Amino acid sequence: MADDVKFKVNIDGIPVEVPPGTTILNAARLIGGDIVPPAMCYYSKLQGSGGKCRTCLVKVSKGSDKDPRPMPKLVASCRTTVMDGMEVQNITSPEVIEARKGVVEMLLINHPLDCPICDQAGECHLQDLGYEHGLASTRYEFERRTFNKIDIGDKVQLHMTRCILCYRCVFVADQLTPQRVHGILGRGDAAEISTYIEKAIDNEFSGNVIDVCPVGALTDKTFRFKNRVWFTKPVEAHRDCPTCSGKVTLWYKGEEVLRVTARKDEYGEVEEFICNTCRFEKKATSDWVIEGPREVKRTSVISLNHYAELNPPAVVKKNLMLQEANKEQFERAKELL
Amino acid sequence: MTIGKPRLKADIMARKLLLTHIHVPGIHTFEVYRQQGGYRAVEKALKTLTPEEVVEEVKKSGLRGRGGAGFPTGMKWSFLAKPEGVPRYLVCNADESEPGTFKDRYLMTHIPHALIEGMIVSSYALGANTSYIYVRGEMMPQIRILERAIAEAKNAGFLGKNILGSGYDLELYVQPGGGAYICGEETALLESLEGKRGNPRIKPPFPAVSGLYNCPTVVNNVESIAATVPIINEGGEEYAKIGIERSTGTKLISASGNLNKPGVYEIELGLPVEEFIYSDEYCGGIANGKRLKAVVAGGSSVPILPANLILKTLKGESRLMTYESLADGGFQSGTMLGSGGFIAFDEDQCIVRNTWNFTRFYHHESCGQCSPCREGTGWMEKVLHKIEFGHGSYSDIDLLVDVSKKIEGNTICPLGDAAAWPVASAIRHFRDEFEWHITNGHEAQRRNYGLAHYADPLEPVM
Ligand SMILES: Cc1cc2nc3c(=O)[nH]c(=O)nc-3n(C[C@H](O)[C@H](O)[C@H](O)COP(=O)(O)O)c2cc1C
Ligand code: SF4
Ligand code: SF4
Ligand code: FES
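Quick caveat, the model's predicted, so the values are computed rather than measured. (Residues numbered from 1 in each chain as written. Chains lettered and ligands numbered in written order. Predicted model: local features only at pLDDT ≥ 70, side-chain atom pairs only at ≥ 80, totals over all residues. Heavy atoms only, no water.)

## A word on the overall build of chain B
Along the backbone of chain B there are 19 helices and eleven strands. In summary, chain B has a C-alpha radius of gyration of 22 Å against a globular reference of 23 Å for 462 residues, a match within 12%. Dimensions along the principal axes, computed over C-alpha positions, put chain B at roughly 75 × 50 × 40 Å. Within chain B, counting contacts between residues at least 6 apart in sequence, those at least 24 apart form 71% of the total. In the structure as shown, chain B presents an accessible area of about 17300 Å², 53% of it carried by carbon and sulfur atoms. (Helix = DSSP H or I, 4+ residues; strand = E, 2+ residues; numbered from the N terminus. Rg over C-alpha atoms; globule rule 2.2 N^0.38 Å. Contact = heavy atoms within 4.5 Å. Areas by Shrake-Rupley, 256 points an atom, 1.4 Å probe, with all protein chains shown as cover.)

Okay, here's the thing in structure tokens:
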């Protein structure tokens, strides 16, 4: 019988049924939409991840049917499993919203905010988080912490100053690569990601640290400063790879593949990890079987200049010259894909 | 004079259970310890009691954890999962690093066998065959003392295989700590003991279910474990007769600061704070004829209280050294017994400077796993530094309160709370002094604020 037991959970007034052992966060993801707590450190593909950033804090207003007492503190939804009859408040709790604002502020006080020169800009979870849950200004007036940039091998650069210490890359190093040479040195706000004396991670899957990094701390050296992501066009493609699934997203500028990443789902998590050969070595269209354009959320800056259909705004509709220019652009965009 | 059940006779010397023989020459050796009646508890437990009966005695004693949180020890033991074929562990937390707390070190230095005896009794009760004492890495002399004591006990047949012919086996190991305050947090301690970086674990699972090497584990403070010896010797009910209400037994207090006689004292729980500070049996009053300004009663993590509130509760009752009485009034006007690190501040001490100093400590010791603690402790330290050195503004005070609130309750382990409380309570009770640092920034560099009204008796609030 155990297999089909389901727990009834209610998140922000929306009921959902999930198997025992499901976390509040994953139950919320099943519902989807606004009530999904933001997650900066949790990563479903990485065992043991989560619990650290505290952006996913929620209030458990009723523990379960058996024990209806509320939980005394806000809990990390990514690491708290549901109970039958549990009631959770996320965006309906002012306390949660206030605490989350605090967490976002904490994540930002020592962040360099160098988005104009950061490769992650446009696909950065910290940008989204700050925009959606943060304050417009800062109350922090002290010098921000900085670190020197470090090369982790010849393909990956670590810019620790931007790191939010989510530990995802550490879990990648632990779980995807056989010898761990990537960890954390130091304590508190002096803690830093390190490969210990800048030792390269010499492993076919090491490039995945770039994809799991929610910010611009780990970037692809073959792509650095080449382009802003919103000027590039994501295309799904695959190849017959002996090492990994070979399922990737190619990021085109014109006819040139500027970078290759794994495919990410709506929560920014990769669907399947890819190998370094696919990521760094295969940058010709002829290496790949093209599947088609990648769908990009309308709200993402990456959807800039992407026309899924010709649906011009009112001002264009009225002006013949703009209409022509628009059509031209649309055709060009379609061609590129 | 006191609430609850007053001590029977204030004139007889208070009872000592842990430090009874502290002044006997050679008490650190097995031979002298044994002559003074040591290891009777092991004999009694192993020969006449079942493990369950030992747990029962500890439950009856009402003993509460002496490491800071005050969780009932017997109850903690009864939560220990007991799956078939999986080892269980007892780990003694001897990482003692909280500013103001130095009682465990004292006990281990002078009567190491009290801890070893307690470890045997407690391990027996929990069914652990391998137990560890995790000692703060800086305490190298104590580590050697304990290792020698273990060797002596083993020689005498109190450790190893088939102890006293009872069929019970126990190996005891001492592990030097990893050199961080955070390794005193029980799950960080377990990580460190496993040879990893001492980051607190995310709970659940709790150690009682999945602790050391994912096996059921109990972590207890040195003093909690040592207290099981008198509990077994005299019986849980006898032990519970000492103290008041849910604060039973005796407690080691590390007294420091501006006291005439700082040091480690064993008190009966229920002793009035005033008597502890001023009587000659204990601290003998404030040093150099000064007046008391403030007290941190339970180690640096607990809220600081001004002299008037530490001596009397808001209701006007005498404040007692018990878990309940010290906490009376909650965060508004109370504090906590914590680990018993009692720090007294005289009229010449600057509360702002002290708050900055404590915050510096927490900033330095945060493991850095969770954002509010990693970033918030450093932020508070910088703002406090600014105020202390005369560059602060009024809004900085409110900012501090707000940042402390954003940390408190939102972190993985209680270090976040421990960093927030001293700041929030100092501002709550000494706001005038903070404001004076802002309005009189220059003067604050040359002199201290002084006692002000902090010792003035308060109108009791009913
Ligand atoms: C940051 C931090 C440091 C701690 N340090 C110690 C310590 O040095 N010694 C100790 O016994 N407990 C310490 N504790 C409390 C332990 O986590 C745990 O509650 C205690 O060892 C349990 O023992 P008890 O029940 O016997 O008190 C600390 C807790 C925190 C959050
Ligand atoms: S480098 Fe990136 S992935 Fe690694 S801990 Fe920092 S933010 Fe997380
Ligand atoms: S509260 Fe501080 S010390 Fe505790 S886990 Fe979080 S960062 Fe580490
Ligand atoms: S996503 Fe839950 S704490 Fe980071």
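## Quick word on helix α3 (residues 125–133) of chain A
All names here are of chain A. Looking at α3, one finds that the buried residues are Leu126, Leu129 and Gly130. Projected down its long axis, α3 shows its buried positions confined to an angular sector of 95°, all on one face. Facing away from the buried side of α3 by more than 90 degrees, the exposed set consists of Tyr131 and Glu132. On the buried face of α3, the contacting elements are α2 (94–109). (Buried < 20%, exposed > 50% of the residue type's maximum accessible area, 1.4 Å probe, protein only. Arc of directions from axis to C-beta.)

## Describing empty space enclosed by the protein
A probe matching the size of a water molecule, rolled over the atoms, marks out where space remains unfilled. Residues and elements named next belong to chain A. Taken as a whole and judged by the stated rule, the model has five cavities of 30 Å³ or more. Quantified by volume, the largest cavity comes out at close to 100 Å³. Along its surface, the largest cavity is lined by 13 residues, and Gln120, Glu123, Ile210, Asp220 and Arg259 are the ones closest to its centre. Of all the elements, strand β10 (residues 218–220) adds the most residues to the lining of the largest cavity, at three residues. Looking at the lining of the largest cavity residue by residue, the classes come out as three nonpolar, three polar and seven charged. (1 Å grid on protein atoms, 1.4 Å probe; cavity = no way out; pocket = protein on both sides within 12 Å on 5 of 7 lines; lining within 4 Å. Points joined across faces, edges and corners; volume = space filled by probe spheres on them. Nonpolar A, V, L, I, M, F, W, Y, C, P; charged D, E, K, R; others polar.)

## Remarks on the site of ligand 2
Taken together, Cys163, Ile164, Leu165, Cys166, Tyr167, Cys169, Ile193, Cys213, Pro214, Val215, Ala217 and Leu218 of chain A are the residues near ligand 2. Tallied by class, the residues present in the shell around ligand 2 amount to twelve nonpolar, no polar and no charged. (Near = heavy atom within 4 Å.)

## Some details on the sheet that holds strand β7 (residues 156–158) of chain A
Residue and element names in this part refer to chain A. As summarised here, the arrangement of the three strands in space is β6-β7-β10, forming an open sheet in which the pairing is antiparallel. In this open sheet, the two strands that pair with only one neighbour each are β6 (150–152) and β10. With strand direction ignored, the average angle separating the axes of adjacent strands in the sheet is 30°. Two strands pair when backbone bridges link them, and β7 and β10 are joined in this way by three bridges, in the antiparallel orientation. Bridge pairing in β10 links Gln157 to Thr219. (Pairing = 2+ DSSP bridges. Axes fitted to C-alpha atoms, helices over the stretch in contact; angles between N-to-C directions.)

## Re the nonpolar core
Core analysis: the biggest nonpolar cluster contains 63 residues, and Tyr39, Leu115, Ile116, Ile133 and Val135 of chain B have the highest contact counts within it. Ile133 of chain B has contacts with Cys92, Ala94, Leu115, Ile116, Met119, Leu146, Leu172, Tyr173, Val174 and Gln175 of chain B, leaving out every residue within four places of it along the chain. Within the second largest apolar cluster, 60 residues are counted, among which are Leu74, Tyr167, Val270 and Phe273 of chain A. (Core = buried A, V, L, I, M, F, W, Y, C linked by side-chain atoms within 4.5 Å.)

## Examining the layout of surface pockets
All names here are of chain A. Computed from the structure, the second largest pocket encloses a volume of approximately 1300 Å³. Lining of the second largest pocket is provided by 38 residues; of these, His125, Asp128, Glu266, Tyr267 and Lys297 occupy positions nearest its centre. Where the lining of the second largest pocket is concerned, the elements lending two or more residues are α3, β12 (247–253) and β13 (256–262). Counting residues per element, the lining of the second largest pocket draws most heavily on α3, at seven residues. Here the lining of the second largest pocket is built from residues that sort into 15 nonpolar, ten polar and 13 charged.

## Quick word on the interface of chain B and chain A
If you look at the interface, chain B gives 34 residues, while chain A gives 33 residues. Carbon and sulfur atoms supply 51% of the area that chain B and chain A bury against each other, a total of about 2800 Å² over both sides. Contact with chain A buries area across many residues of chain B, yet Glu375, Trp379 and Lys406 of chain B alone supply 24% of it, more than any other trio. The tally of links between chain B and chain A comes to six salt bridges. Note that Arg187 of chain A and Glu365 of chain B form a salt bridge whose closest N and O atoms lie 3.4 Å from each other. Here chain B is connected to chain A by 20 residue pairs in polar contact (both at pLDDT 80 or more). Looking at the side of chain B that touches chain A, the elements that each hand over two or more residues are α15 (351–365), α16 (371–388) and α17 (394–407) of chain B. When grouped by side-chain class, the residues that make up the side of chain B that touches chain A number eleven nonpolar, 13 polar and ten charged. (Buried area = accessible area lost by both parts, 1.4 Å probe. Salt bridge = Lys/Arg side-chain N within 4 Å of Asp/Glu carboxyl O. Polar contact = N/O pair within 3.5 Å; in protein donor to acceptor, adjacent residues only side chain to side chain.)

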